[in-house]
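Observations on chain architecture
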Amino acid sequence: MSMQRKLKTALDETRMLMMGSQILFGFQLQAVFHERFPALDDGRKTLTAIGILLMAVTIGVLIAPSCRHRLLEKGEASPTMLTMTTRSSALALLLFAASLGCDLVVVLSADFGTAIGLAAGAIMVALSLAIWFALAWVLRRRRNKEKPMDLHRETLSVTTKIEQMLTEARVILPGAQALFGFQLIVMLTPAFAKLPDGPKLAHVGALLCVVLAIILLMAPAAIHRISFDGEDNPRMLHFGSGLVTAALLPLSLGLAGDIMVAVGQSLGNATLGIAAGGGILILLLGIWYAWPLLLRLRAAAMRREPASARRS
């Protein structure tokens, strides 16, 4: 299998997980404002907050490879990009399993007791880790006995790059739209009406940020169709990639704002909510923007070193 094909498959796998994680994050957000949530004990409320944070980090880790692909690799296929995508998927699965375990403990223990909730959560986390990691590791050990393929960096066509960019927007978009729907539902709950003005405004701000992200994510397809008549053009790639990259900024603000409200509501402590939201925002901006841009600057500096050495 070519480098291009292997990377496309890896990115598509992260995109599938990404959409489901965004939808589950919306469900977790809504649960905090459910009428039965105040009746939970402090331990279950804390687990709810932990589950929300883990799912937010999962979303961040899953989107990170695509950010690096655009900002650092400029859409090209390379072995380092493939390795990063594979490791991101593995980390995301681990976080995803932990978040699901927290949710199962909270939901099941509320009606069936703490012991059953803990047992069910632990069993499902162990089962997911066994299937996703242990089985994969066994199969990989057998595969390592085969002669590995020699993979090299491949330059992709403009058509392939545009296709990947549009796919990225299409995959993030449904999750953002679902999150927007959950945000609207939250505003109609009795629990939301009882919130202080600060958390209400934070949620409204997060909602508007997600709407802006949706607008930006829908723009590349509209521009491709209206401005370029569906033709593949380097200018289309430039504008589309810029719009998808820009959309992640309001999306990160929206996720951080909702985490601030949800964690603050879960723990009954606005300060902890602000800390959680701020921490998630720094993490998302770091792995989506700062990390690939720093690597890009480092790579540019390394390319300039031989030239300066030759001049001296």
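Scanning the protein from N- to C-terminus turns up 9 helices and 0 strands. In sequence order, the protein lays out its α and β elements as α-α-α-α-α-α-α-α-α. For 312 residues, the compact-globule formula gives about 20 Å, and the C-alpha radius of gyration of the protein, at 22 Å, lands near that figure. Projected onto the principal axes, the alpha-carbon positions of the protein cover approximately 70 × 50 × 45 Å. Taking all 312 residues of the protein together, the buried fraction comes to 44%. Taking contacts inside the protein between residues at least 6 apart in sequence as the whole, the part at least 24 apart equals 82%. Surface accessibility of the protein: about 16100 Å² in total, with carbon and sulfur atoms responsible for 67%. If the 30 positive side-chain charges of the protein are averaged to one point and the 20 negative ones to another, these points end up 8 Å apart.

This part is about the packing of aromatic side chains. The description of two aromatic rings rests on the distance between their centres and on the angle between their planes. One pass over the full model with this rule turns up 3 aromatic pairs. Each ring, one from Phe27 and one from Phe182, has its centre 4.6 Å from the other, and the planes form 55°; the classification is tilted. Placement of the pair is Phe27 in helix H1 (residues 3–32) and Phe182 in helix H5 (residues 158–187), with a sequence separation of 155 residues. Its relative accessible area of 47% is what places Phe27 among the partly exposed residues. In this arrangement the basic side chain of Arg68 is found over the ring face of Trp291, its NZ or CZ atom lying 5.9 Å from the centre.

All right, on to a nonpolar patch on the surface then. On the surface, Ile123, Met124, Leu127, Ile131, Trp132, Leu135 and Leu139 cluster together to form a nonpolar patch covering roughly 660 Å² of accessible area. Within the fold, Met124 resides in helix H4 (residues 114–143). A relative accessible area of 45% places Met124 in the partly exposed class.

Here helix H2 (residues 42–71) contains 30 residues, and its C-alpha end-to-end distance of 42 Å stays within 8% of the 44 Å for a straight helix at 1.5 Å per residue. At Ala64, H2 shows its strongest bend, of approximately 30°, with the proline Pro65 following within four residues. The buried fraction of H2 amounts to 24 of the 30 residues, a majority that puts the element mostly inside the structure. A distance of 3.2 Å separates the backbone nitrogen of Gly43 from a side-chain oxygen at the start of H2, and that oxygen is part of Asp41.

Glancing now at the packing of H1 against H5. It is at 8 Å that the axes of H1 and H5 come closest, and there the two elements cross at 10°. On the basis of their axis angle, the class for H1 and H5 is roughly parallel. Looking at the contact of H1 with H5, its residues break down into 16 nonpolar, 9 polar and 5 charged.

Taken together, the side chains of Lys74, Arg296, Arg303 and Arg304 make up a positively charged region of the molecular surface. Residue placement: Arg296 occurs in helix H9 (residues 270–311).

As a further point, take unusual backbone geometry. We note that Lys74 has phi near 55°; this positive angle belongs to a residue other than glycine. Considering the arrangement of structural elements, one finds Lys74 in the loop between H2 and helix H3 (79–112). You will see that Asp229, though not glycine, has its phi angle at about 55°, which is positive. Its location among the elements puts Asp229 in the loop between helix H7 (197–226) and helix H8 (234–267).

Tallying each qualifying case throughout the model produces 7 salt bridges. A salt bridge links Arg15 to Asp12; the shortest N-O distance between them is 2.8 Å. Note that Arg15 and Asp12 are positioned in helix H1 at a spacing of 3 residues, about one turn of the helix. On the basis of relative accessible area, Arg15 is assigned to the buried category, the value being 4%. Asp12 sits in the partly exposed class, given a relative accessible area of 22%. One salt-bridge network, held together by shared partners, links Lys8, Asp12, Arg15 and Glu168.

Moving on: the nonpolar core. Among the nonpolar cores identified, the biggest contains 73 residues, and Phe25, Phe33 and Trp288 are the most heavily contacted of them. Looking at this core, the elements with two or more residues in it are H1, H2, H3, H5, helix H6 (190–193), H7, H8 and H9. With 13 residues, the single largest contributor to this core is H2. When sequence neighbours within four positions are dropped, the list of residues in contact with Trp288 reads Ile59, Gly60, Ile63, Ala64, Cys67, Leu71, Leu248, Leu251, Ser252 and Leu255.

What counts, and where the lines are drawn
Sequence order as written defines residue numbering, which begins from 1 separately in each chain. Side-chain atom pairs in this predicted model are given and counted only at pLDDT of 80 or more, local residue features only at pLDDT of at least 70, and totals for whole chains, interfaces and linings cover all residues. Calculation of side-chain values draws on the structure's entire complement of heavy atoms; hydrogens and water are dropped beforehand. A run of DSSP states H or I qualifies as a helix once it reaches four residues; a run of E qualifies as a strand once it reaches two. Both are numbered from the N-terminal end. For a compact globule the rule gives 2.2 Å times the number of residues to the power 0.38, and the radius of gyration it is set against comes from C-alpha atoms. Summary of the burial criterion: residues with accessible area below 20% of their type's maximum are buried, those above 50% are exposed, and those between are partly exposed, where the area comes from a 1.4 Å probe applied to protein chains only. Note on contacts: a residue pair qualifies if any of its non-hydrogen atoms lie within 4.5 Å across the two residues. What sets the accessible areas is the Shrake-Rupley method with a 1.4 Å probe; for residues, cover comes only from the shown protein chains. Counting rule for charge: Lys and Arg are taken as positive, Asp and Glu as negative, and neither His nor the chain ends is counted. We put the charge of a Lys on NZ, of an Arg on CZ, of an Asp on CG and of a Glu on CD. Stacked, tilted and edge-to-face are the three classes assigned to paired rings of Phe, Tyr and Trp, where Trp is represented by its six-membered ring and a pair needs centres within 6.5 Å; plane angles under 30 degrees give stacked, over 60 edge-to-face, the rest tilted. Any Lys NZ or Arg CZ found within 6 Å of a ring centre and within 35 degrees of that ring's normal is scored as a charge over the ring. Like charges within 9 Å and nonpolar side chains (Val, Leu, Ile, Met, Phe, Trp, Tyr) within 5 Å are joined into patches, using only residues over 30% in relative accessible area that form no salt bridge. In the sections that follow, a salt bridge refers to a side-chain nitrogen of Lys or Arg positioned within 4 Å of a carboxyl oxygen of Asp or Glu. What a helix is expected to span follows from its residue count: subtract one and scale by 1.5 Å. Given a residue, its bend is the angle between the two axes fitted to the seven residues that end at it and to the seven that start from it. Here a polar contact is taken to be a pair of N or O atoms separated by no more than 3.5 Å, where protein atoms must pair a possible hydrogen donor with a possible acceptor and residues adjacent in sequence count only if both atoms sit in side chains. Note on definitions: angles span 0 to 180 degrees between N-to-C directions of axes, and those axes are lines fitted to C-alpha atoms, for helices only across the stretch in contact. Throughout this description, any angle smaller than 35 degrees is read as roughly parallel, any larger than 145 degrees as roughly antiparallel, any in the 65 to 115 degree range as roughly perpendicular, and the remainder as oblique. Three categories are distinguished: nonpolar for Ala, Val, Leu, Ile, Met, Phe, Trp, Tyr, Cys and Pro, charged for Asp, Glu, Lys and Arg, and polar for the others, with Gly belonging to the last. By convention a nonpolar core is built from buried Ala, Val, Leu, Ile, Met, Phe, Trp, Tyr and Cys residues, the set being connected through side-chain atoms within 4.5 Å.

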